[in-house]
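# Notes for the structure review
The chain contents come next:
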Amino acid sequence: MELRINNLTKEFGGFTAVDHLNLTMENGVYGLLGVNGAGKTTFMKMLCTLLTPTEGEIRCNGREIREMDGEYRKILGYLPQDFGFYPEFSVQDYLLYIAALKGLRPVVAKRRARELIEKTGLRKAAKKKMRALSGGMKRRAGIAQAMLNNPKILVLDEPTAGLDPNERIRFRNLISELAEERLVLLSTHIVSDVEYIANQILLMKGGRIVLEGEASELIDSMEEGVWSVFARKNEVSAFMKKYKVSNLKTEHDGVELRIIAGKRPARDAVLVDANLEDVFLYYFGEKAGEENAAV
Amino acid sequence: MLRFELKKIWSKRMNQGAVLLLLVIVIAGSFLAARDVKYYKEDGSSVSGIFAAGRLRREKNKWKGYVTEDVLKKVVEENKRAHDEADTADGAFIKYQGLSDLREWINSGMAGRENYDYYLCDSISTDTAATLYEKRVSLLKEEFAGQGYSKEEKEVLLRRYGEFEAPLYYGYADGWKAVLDSQYLPTLMIISIVIIGFLVSGVFSCEFQLGADSVFFSANYGRNRGVLAKVEACFAVVTVIYWAAMLLFTGLVLGMLGAQGAGLMIQTDSLNWMCMYNITFAEKWLLTMFGGYVAHLCILFFAVLVSAKSRSAVAAVTIPFALSCAPMFLGRVPFLTKAMNLFPDMLLRISTFLRDNLIYTIGGKGHGVYEILIPVYLLLALLMMPVMYAGYRRSELG
Ligand SMILES: Nc1ncnc2c1ncn2[C@@H]1O[C@H](COP(=O)(O)OP(=O)(O)O)[C@@H](O)[C@H]1O
Ligand SMILES: [Mg+2]
């Protein structure tokens, strides 16, 4: 499976949400990392033929996906960011309906729905109405519907947003499990999500992919160092103004700061190993999603 | 997939409530329609509906048969005798209930629409009454002199009147009259179209409203068979609910009042005496019901189309209401009357408007308005199905 994206662009009015994207993806897990508004959802909607590109094209094994029409959608699974459903349907009905919509024969649909209900841990909720499910359960039903047709291309838009830390870890494991033998693209604004499950990381900013590679490559690409500095409380704001600070840890006699800087920011600063969080801050100039702090 | 589309509709509490409401209205409407049929007993008290049907049938069927000149003379004589024997007008009425229909033929058939006189039959001579069928044509010609009938309109009316076969065969048909010639049926049709509009309002728009659109359109059949299932669901709901409501209404009324008289000409109901359509009650029922069905399809498909485009159910709820009611009021504005006669809501009111003999001229030839409206709106309704399909399957999700 190969997806080749050429010059992909989407404009809304005069605003360019996705800006001449060029990218090739093969089987494996791709983590699309970017702040809110970076254009991740817009990009994914084009991948799922929901939006027509203003310019450029997407080719699947050489063929334009919109021309492939049903043939392409047949191998596609999509978990949208804002995922809606039919409130009066039970989880099972919902999955059977989407299975029919995906063209599965009734016998196959029943079997797949049962398997996925099992796999996503929804067995107890299978007969429950969708409106009665918790946020995490809904998300699991969402991933189950995306997997019904055993897609070769799986697109997950912010699959972990809004989940509590435990749910998020379980969810990551589930995704890792499902990721074999297919192309998975998952977007997030939470660094730790991709750190664990993505082989390839795509950093998206202002509608462009500014950097791509494995985590270690991304870390190596930083041209500044990461420093640990111990400072008194009244010095903190001065540091914050001057440098990118990726972490603050308050101790009883001061504050430990994690600072990204080209030169040693203070006399007693110690050079430490960079991680993806630092990369994120380095390229985006702001910290990754807040929920991140919880994990 | 059709099954799931129907399930989406039916699983909503509001929709179940709407269907229940329609059911209650149909049942209530059929009782009201039947209640208008009354029989007066000797002591002056009256019974109605199912309790009146048997006695009225017996009384009226005494006159069953071809109403020839001799029968018409006999009507006048019997009417006179009833008046002579009774002390009061009410007392007389109780006696001539069996011939009350035929008495009305004479009242309305000898005087014309404008000069209707309830007591005409009491004073008319037997020989004059015998000219009833000829009078029908001469009344028409009188109308021609008064109002601005076009050449084509006159031609159509005269031809249809010429095709009218006298004498008429008379018999008890109060069940059919209650179904077709009361005000309840048009009202019921308006209620049914509004309620069905409510049911189908979400078929297309709900995907957007619920945010289920992304999954829907990115699925294999999301831009073909899945959409087709929605069109089918609309068609199925309109068809099933409409016919269920109408058959239930008809069945209940006929069940209470009797189904006899289906093969009688509609002119045997004096309300329709001047009607130019030479058809039986059963044929009028088919015409009315089929016309109503076409109106339902057309108006509701249009409503669904707008709601699919606007991605909101509001249009589908309001359009049926607006299209079935507004023309009634707008039609009162004189210069709009003619145009309003071409609105699809006319098809909801065939049962009452048929007797107005509305004629439209196309290419120098006059046609009954329904001979134009039914095929045109049927065609429109059928055309809207592919439009719904084609429009929806190309949805962009910004
Ligand atoms: N339908 C739309 N019309 C106008 N602007 C839009 C539309 N969809 C997205 N945008 C804009 O495009 C930008 C990228 O949005 P999005 O793709 O949702 O980003 P992300 O998923 O990375 O948070 C945002 O600034 C957003 O406001
Ligand atoms: Mg997004």
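Owing to the predicted nature of the structure, the values given are computational and were not obtained by experimental measurement. Residue numbers run consecutively from 1 along every chain, following the written order of its sequence. Chain labels run from A onward and ligand labels from 1 onward, assigned in the order the entries are written. pLDDT decides what is reported in this predicted model: residues at 70 or higher carry local features, side-chain atom pairs at 80 or more are listed and counted, and totals for whole chains, interfaces and linings draw on all residues regardless. Just so you know, side-chain values use all the structure's heavy atoms and leave hydrogens and water out.

## Comments concerning the overall build of chain B
The cut-off we apply is this: Secondary structure is summarised from DSSP: a helix means a run of H or I of at least four residues, a strand means a run of E of at least two, and numbering begins at the N terminus for each. Per-residue accessibility, obtained with a 1.4 Å probe over protein chains only, is compared with the maximum for each type, and a residue is labelled buried under 20%, exposed over 50%, and partly exposed between these values. Here, two residues are considered to be in contact whenever any of their heavy atoms come within 4.5 Å of each other. What sets the accessible areas is the Shrake-Rupley method with a 1.4 Å probe; for residues, cover comes only from the shown protein chains.
Summing up its helical and strand segments, chain B has 20 helices and six strands in all. Split into buried and exposed, the 398 residues of chain B put 54% on the buried side. Of all intrachain contacts in chain B linking residues separated by at least 6 positions in sequence, the fraction that spans at least 24 positions is 74%. Only carbon and sulfur atoms are counted for the fraction: they give 63% of the accessible area of chain B, which is about 17,200 Å².

## A look at the packing of aromatic side chains
Where two aromatic rings form a pair, the distance of their centres and the angle of their planes describe that pair. Applied cut-off: Stacked, tilted and edge-to-face pairs are distinguished by plane angle, under 30 degrees for stacked and over 60 for edge-to-face with tilted covering the rest, among Phe, Tyr and Trp rings (Trp via its six-membered ring) whose centres lie within 6.5 Å. Geometrically, a lysine NZ or arginine CZ counts as sitting over a ring once it is within 6 Å of the ring centre and also within 35 degrees of the ring normal.
Here the structure, examined in full by the defined rule, presents 29 aromatic pairs over all chains. Ring centres of Phe 164 of chain B and Trp 273 of chain B lie 6.4 Å apart, and the angle between their planes is 75°; this geometry places the pair in the edge-to-face category. Linking Phe 164 of chain B in the loop between helix H10 (151-163) and strand E4 (169-170) with Trp 273 of chain B in the loop between helix H15 (225-257) and helix H16 (281-310), this pair joins segments that are 109 residues apart in sequence. Note on Phe 164 of chain B: relative accessible area 11%, which makes it buried. Centroid distance Phe 217 of chain B to Tyr 392 of chain B: 5.2 Å. Interplanar angle 50°. Geometry classified as tilted. Pair noted here: Phe 217 of chain B is in helix H14 (residues 213-218) and Tyr 392 of chain B is in helix H20 (residues 369-393), with a separation of 175 residues, a long-range link. The two residues Phe 217 of chain B and Tyr 392 of chain B agree in class, both being buried. The rings of Phe 83, Phe 85, Tyr 86, Phe 89, Tyr 94 and Tyr 97 of chain A together with Phe 4 of chain B are connected pair by pair, giving a single aromatic cluster. Just above the ring of Phe 164 of chain B sits the side chain of Arg 136 of chain B; from NZ or CZ to the centre is 4.0 Å.

## Points about the environment of Arg 172 of chain A
Counting through the fold element by element, Arg 172 of chain A comes out in helix H7 (residues 165-178). By relative accessible area, which is 6% here, Arg 172 of chain A ends up buried.

## Quick look at the pairing of strand E9 (residues 200-205) of chain A
All names here are of chain A. Our working definition: In this scheme, strands are said to pair when DSSP sees at least two bridges between them.
Across four bridges, strand E3 (residues 28-33) lies against E9 in parallel orientation. The partner of Tyr 30 across the bridge, within E9, is Gln 200. With five bridges connecting them, E9 and strand E10 (residues 208-213) associate as antiparallel partners. Directly across from Leu 202, in E10, lies its bridge partner Glu 212. Counted along the chain from E9 to the antiparallel partner E10, the turn is two residues long, and its residue Gly 206 has a positive phi close to 55°.

## Here's the deal with the side chain of Asn 149 of chain A
Residues and elements named next belong to chain A. Threshold: Polar contacts, as used here, are pairs of N or O atoms within 3.5 Å; protein pairs need one atom able to donate a hydrogen and one able to accept it. Residues neighboring in sequence count only if both atoms are side-chain atoms.
Assignment of secondary structure puts Asn 149 in the loop between helix H6 (135-147) and strand E7 (153-157). From its side chain, Asn 149 meets the backbone oxygen of Leu 76 in a polar contact 2.9 Å long. Ignoring anything within four residues of it in the chain, the contact list for Asn 149 reads Arg 73, Lys 74, Ile 75, Leu 76, Lys 102 and Leu 104.

## Concerning the interface of chain A and chain B
Interface size is commonly expressed as the accessible surface area that is lost when the partners come together. Convention followed: Here the quantity called buried area is the total loss of accessible area, with a 1.4 Å probe, experienced by two parts when brought into contact, counted for both. Each reported salt bridge corresponds to a side-chain nitrogen of Lys or Arg within 4 Å of a carboxyl oxygen of Asp or Glu. Polar here means any residue other than Ala, Val, Leu, Ile, Met, Phe, Trp, Tyr, Cys and Pro, which are nonpolar, and Asp, Glu, Lys and Arg, which are charged; Gly is therefore polar.
In this assembly, 33 residues from chain A lie in contact with 28 residues from chain B. Across the chain A/chain B interface, buried area totals approximately 2,500 Å², and carbon plus sulfur atoms make up 60% of it. Taken as a group, Leu 50, Arg 73 and Leu 101 of chain A account for 27% of the area that chain A buries against chain B, more than any other trio of residues on that side. Linking chain A with chain B are two salt bridges. Ionic pairing is found between Glu 396 of chain B and Arg 66 of chain A, a salt bridge with its closest N-O pair at 3.7 Å. Connecting chain A to chain B are eleven residue pairs in polar contact (both at pLDDT 80 or more). Elements supplying a minimum of two residues to the side of chain A that touches chain B: helix H3 (70-73), strand E6 (76-79) and helix H4 (91-101) of chain A. Grouping the constituent residues of the side of chain A that touches chain B by class yields 17 nonpolar, six polar and ten charged.

## Focus: the domain arrangement of chain A
All names here are of chain A. So the rule is basically this: Domain borders in the structure are assigned automatically or taken from a domain database.
In terms of domains, chain A is made up of domain 1 (2-219) and domain 2 (221-294). For domain 1 versus domain 2, the separation of C-alpha centres amounts to 33 Å. Taken together, the contact between domain 1 and domain 2 spans 21 residues of the former and 16 residues of the latter. Both faces considered, domain 1 and domain 2 share a buried interface measuring about 1,600 Å² in area, 68% of it formed by carbon and sulfur atoms.

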